[in-house]
Amino acid sequence: MNKIFNTLKSVDKLTLILIVALGCVSLLMLESTIYDGALVLGRPVLIQGIAYLLGFAAVVIVLLINYNFFYGLEKLLYVLSVLFLFTVYIPGLSVNQFGSTAWIKLGTLTLQPSEFVKISFVLIMAGYLSEHRESLQTFRGVFMAILYAAPMIAIVLKEDLGSALVYVVIWIFMVFFAGINYKVFFQSALMALAMIPIAYRFLSAYQKNRIEAFLHPDNLSLPGNYQVWQSKIAIGSGGFRGMGLFRGTQKTLDFIPVQQSDFIFSVVGEELGFLGGFGVIVLYGLLIWRFTTTLRSTEDLYGALIVVGFIGMFLFQIFENIAMTMGLMPVTGITLPFLSGGGTSVIASMIAVGLILNVGINSKAMKF
């Protein structure tokens, strides 16, 4: 018990305060989505609250294990991650939602394996790049780094385009930090772009529909465009100060799609207005700043790569989700970290924070 208290004394308190603040906003917005004239402890709020409690417990557990423990376990983590991703294809266990089979059912709860595998993907790539940093100066080395990550990304892409994009962004952040040769990277990127027409043919129908909808935003007959249109109306109607907590009309009439998860920011925009939306973005900005502060004080490459991977993950998810609600990015199903309803997303995000804090307390300062 003393070890736990001593460990908690060493962590970055502001990071935890920011997480608690985002959690409070999340619970408040979720309560608003089920508000019907009186406050009720509905299932979405209850699950989110339990997820946060489990998430903080996970943070404590992660803090008790020095992050260097995972160094050298890349192959084991790789195998376990791939097997976990394949659970979505087990009959009777897999669940189809929103046109994709990216979830598994555990009793009355559903779980998205790709959310948790993001964590192991960062650890796997951190270990690999720590050992192969010099090879990133050659085309062959970069190609091998791509091949190393490709199987996991391909498995996720089959059912979940949004999560696959998060994996790609994590990979890009980490190889850049590891010191990839820019010329080689851009040559590789051009080759990847040339492969897009071929890769497009292998996307599922719902994934193609979302891309088509983004390219033709005025065509409300395309799947997703009507929902984005309603989201933009909700955010626009919020104005500067918002319509007031629990008073959003687009939300109340269920015009805002998937308002408890993917489009939770639309509820924020409608009820709390520009001020509320900006406030949420400020909280995220402060959180990323704390992560970068940890990065600057990290001594070893392995620990720094872990932090960089998670910074890339959070940055992209925050940007993509908020931009998606405004029609600036395609609808991909990426949740808004710490705000969107969903136990899997919250717990996975908390584990990521735990690892960042772990690096912060177990690594000494050095300048990059």
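This report concerns the structure included in the present document. Because the structure is predicted, anything quoted here is derived from the model rather than measured.

Parameters and conventions
- Residues numbered from 1 in each chain as written.
- Predicted model: local features only at pLDDT ≥ 70, side-chain atom pairs only at ≥ 80, totals over all residues.
- Heavy atoms only, no water.
- Helix = DSSP H or I, 4+ residues; strand = E, 2+ residues; numbered from the N terminus.
- Rg over C-alpha atoms; globule rule 2.2 N^0.38 Å.
- Buried < 20%, exposed > 50% of the residue type's maximum accessible area, 1.4 Å probe, protein only.
- Contact = heavy atoms within 4.5 Å.
- Areas by Shrake-Rupley, 256 points an atom, 1.4 Å probe, with all protein chains shown as cover.
- Lys, Arg positive; Asp, Glu negative; His and termini not counted.
- Charge placed at Lys NZ, Arg CZ, Asp CG, Glu CD.
- Axes fitted to C-alpha atoms, helices over the stretch in contact; angles between N-to-C directions.
- Parallel < 35°, antiparallel > 145°, perpendicular 65-115°, else oblique.
- Left-handed = near helix turned anticlockwise from the far one by under 90°.
- Salt bridge = Lys/Arg side-chain N within 4 Å of Asp/Glu carboxyl O.

**Points about the overall build of the protein chain**
Moving on, step 1. When helices and strands are tallied, the protein chain shows 15 helices and three strands.
Moving on, step 2. For the protein chain, the C-alpha radius of gyration of 21 Å lies close to 21 Å, the compact-globule estimate for 368 residues.
Moving on, step 3. With 368 residues in all, the protein chain has 49% of them scored as buried.
Moving on, step 4. Expressed as a percentage of contacts within the protein chain between residues at least 6 apart in sequence, the contacts between residues at least 24 apart total 73%.
Moving on, step 5. For the protein chain, the exposed surface amounts to about 17,300 Å²; the carbon and sulfur share of it is 70%.
Moving on, step 6. Across the protein chain, the mean location of the 22 positive side-chain charges is 6 Å away from that of the 18 negative side-chain charges.

**Observations concerning the environment of Met 152**
Moving on, step 1. With respect to the helices and strands, Met 152 occurs in helix α6 (residues 139–159).
Moving on, step 2. Judged by relative accessible area, Met 152 falls into the buried class, the value being 0%.
Moving on, step 3. The sequence separation of Met 152 and Leu 111 amounts to 41 residues, and the corresponding C-alpha distance is 18 Å.
Moving on, step 4. In this structure Met 152 touches Tyr 78, Ser 81, Val 82, Leu 85, Val 117, Phe 121 and Ile 124, once residues within four positions along its chain are discounted.

**Brief notes about the packing of helix α5 (residues 113–131) against helix α15 (residues 343–362)**
Describing two packed helices takes the angle between their axes plus the distance from one axis to the other.
Moving on, step 1. At their nearest, the axes of α5 and α15 sit 8 Å apart, and the two run at 20 degrees to each other. One way to sum up the angle between α5 and α15 is to call them roughly parallel. Considering only the axes of α5 and α15, their crossing is right-handed. Here Glu 115, Phe 116, Ile 119 and Leu 123 of α5 lie close against α15, whose contacting residues are Thr 344, Ser 345, Ile 347, Ala 348, Ile 351, Ala 352 and Leu 355.

**Things to note about the pattern of salt bridges**
Moving on, step 1. What the rule picks out here adds up to two salt bridges.
Moving on, step 2. Between Arg 290 and Asp 12 there is a salt bridge, with the nearest N and O atoms lying 2.8 Å from each other. With Arg 290 in helix α13 (residues 264–296) and Asp 12 in the loop between α1 (2–10) and α2 (13–34), this residue pair connects regions lying 278 residues apart in the sequence. Neither residue differs from the other here; Arg 290 and Asp 12 are each classed as buried.
Moving on, step 3. Glu 115 is the partner of Lys 118 in a salt bridge, and the nearest nitrogen-oxygen pair spans 3.2 Å.

**Things to note about the environment of Gly 141**
Moving on, step 1. If you trace the backbone, Gly 141 turns up in helix α6.
Moving on, step 2. When the C-alpha positions of Gly 141 and Val 122 are compared, they lie 19 Å apart, and in sequence the two are 19 residues distant.
Moving on, step 3. Here Gly 141 is in contact with Ser 135 and Leu 136, once residues within four sequence places are set aside.

Fair warning: the whole summary comes from geometry, so function is off the table for now.
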